[in-house]
Amino acid sequence: MTLSADLYFSFRSPYSYLSIGRYRAMAEAYDLEIALKPVYPLAIRQPEFFAEGNKLAGRYIFLDSFRSSQMLGIPMRWPRPDPVIQDLTTRVIAKEQPYIHRLVRMGQAAARRGVGLEFADEVSRVIWSGEVDDWHEGEHLAEAVRRAGLDFAELEAEAATDAEALDAEIAANQQALEDAGHWGVPTLVFEGEPFFGQDRIDMAKWRMEQKGLAPRQCNPG
């Protein structure tokens, strides 16, 4: 029996990056379908949060995400450029955001095609692994999208021409996450139960095993 779950994901979240490859590997190894549900990062949805929130939060996220990447053996560097334009000293979010809307809309367009997980994994590696600078330029994104099995020009055109409908779907993703009982990313929702954080992957798998999660059967030959 194929199990299904939804993964709520942000392209600006280091923890989303640290989780996406592991969830993709799980979906490939087990009889499991994980639907990607992209959401806009908190910096876009509630930019005032960073001005009003605890000043220690950003420093801790930097510390914890990098030590988590070291422990997991997943290469990581803060993106160059950051998908969200923000002054990290004043924490002010810029009004003009040339990257994040494009990324999230393309992610939702990939999710429409049933390959959101693959798209998010390949694109996140380009953005977060530290293997390239200026991920937004040249062929970096296009090559990542091709590795996910998608047509870059088609996806980019859809993100531009169908932006309003895609944003409505992305807003619905955020509402569905909150309806499931959480607000942050990454969160996997399985049978209505939310598992928040890259450190809850094993717990989510344990719960799925209780519900019959089984390895995929390899086809002979």
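Structure: above.
In this numbering scheme, every chain counts its residues from 1 along its sequence in written order. At least 70 in pLDDT is required for a residue's local features to be given in this predicted model, at least 80 for side-chain atom pairs to be given and counted, and no such filter applies to totals for whole chains, interfaces and linings, which use all residues. Calculated side-chain values reflect all of the structure's heavy atoms, with hydrogen atoms and water omitted.

Enquirer: Looking at this structure, how should I read the sheet that holds strand β3 (residues 187-190)?
Expert: Strand pairing within a sheet occurs via backbone hydrogen bonds; the two strands may be parallel or antiparallel. As summarised here, the arrangement of the four strands in space is β2-β1-β3-β4, forming an open sheet in which the pairing is mixed. Pairing within the sheet leaves two strands with one partner each, and these edge strands are β2 (32-38) and β4 (193-196). If you compare each strand with its neighbour and ignore which way they point, the axes differ by 25 degrees on average. Strand pairing requires that DSSP identify at least two bridges connecting the strands. A run of DSSP states H or I qualifies as a helix once it reaches four residues; a run of E qualifies as a strand once it reaches two. Both are numbered from the N-terminal end. Sheet topology note: the strand β1 (residues 3-9)/β2 ladder contains seven bridges and is parallel. Note on β2: the bridge partner recorded for leucine 7 is leucine 36. Any two residues whose heavy atoms approach within 4.5 Å at even a single point are treated as in contact. Only the contacting stretch of a helix is used when fitting its axis, a line to C-alpha atoms as for every element, and angles between N-to-C directions run 0 to 180 degrees. Helix α6 (residues 116-128) rests against β1 and β2 of the sheet, and its axis sits at about 60 degrees to β2.

Enquirer: Looking at this structure, I do not really get the pattern of salt bridges. What am I missing?
Expert: One speaks of a salt bridge when a side-chain nitrogen belonging to Lys or Arg is within 4 Å of a carboxyl oxygen belonging to Asp or Glu. Under the criterion given, the structure shown has 22 salt bridges. In this structure, aspartate 121 engages arginine 24 in a salt bridge whose closest nitrogen and oxygen atoms are separated by 2.8 Å. Placement of aspartate 121 in helix α6 and of arginine 24 in helix α1 (residues 14-29) is noted, with a sequence separation of 97 residues between them. Exposure classes here rest on a 1.4 Å probe applied to the protein chains alone. A residue is buried below 20% of its type maximum, exposed above 50%, and partly exposed in between. Overall, the relative accessible area of 3% leaves aspartate 121 in the buried class. Note on arginine 24: relative accessible area 14%, which makes it buried.

Enquirer: Would you take a moment to explain the pairing of β1 for this structure?
Expert: For a regular strand, side chains alternate in direction, first toward one face of the sheet and then toward the other. For β1, the buried fraction is high: five of the seven residues fall into the buried class. For a crossover, the right-handed case is the one in which the path from the first strand over the helix to the second runs clockwise, viewed with the strands pointing away from the viewer. The parallel pair β1 and β2, bridged by α1, forms a crossover whose chirality is right-handed. Pairing geometry for β1 and β3, over three bridges, is antiparallel. When the bridges of β3 are listed, aspartate 6 appears paired with valine 189.

Enquirer: Please clarify how the packing of α1 against helix α4 (residues 56-72) should be interpreted in this entry.
Expert: Helix packing geometry: the angle between the two helix axes and the distance between the axes. The N-to-C vectors of α1 and α4 enclose an angle of 20 degrees; their axes lie 9 Å apart at closest approach. Relative to α4, the element α1 is oriented roughly parallel. Taken as a pair, α1 and α4 cross one another with a handedness that is left-handed. Only Ile61, Asp64, Ser65, Ser68, Ser69 and Leu72 of α4 make contact with α1, whose side of the interface consists of Pro14, Tyr15, Leu18 and Arg22. In the scheme used here, Gly and all other residues not listed as nonpolar or charged are polar, with Ala, Val, Leu, Ile, Met, Phe, Trp, Tyr, Cys and Pro taken as nonpolar and Asp, Glu, Lys and Arg as charged. In terms of residue class, the contact of α1 with α4 is made up of five nonpolar, three polar and two charged. Any angle that is under 35 degrees is reported as roughly parallel, and any over 145 degrees as roughly antiparallel; angles of 65 to 115 degrees are reported as roughly perpendicular and all others as oblique. Working rule for handedness: look at the near helix, and if it is turned counterclockwise from the far one by less than a right angle, call the crossing left-handed; if clockwise, right-handed.

None of the figures reported here should be taken as evidence of function without further support.
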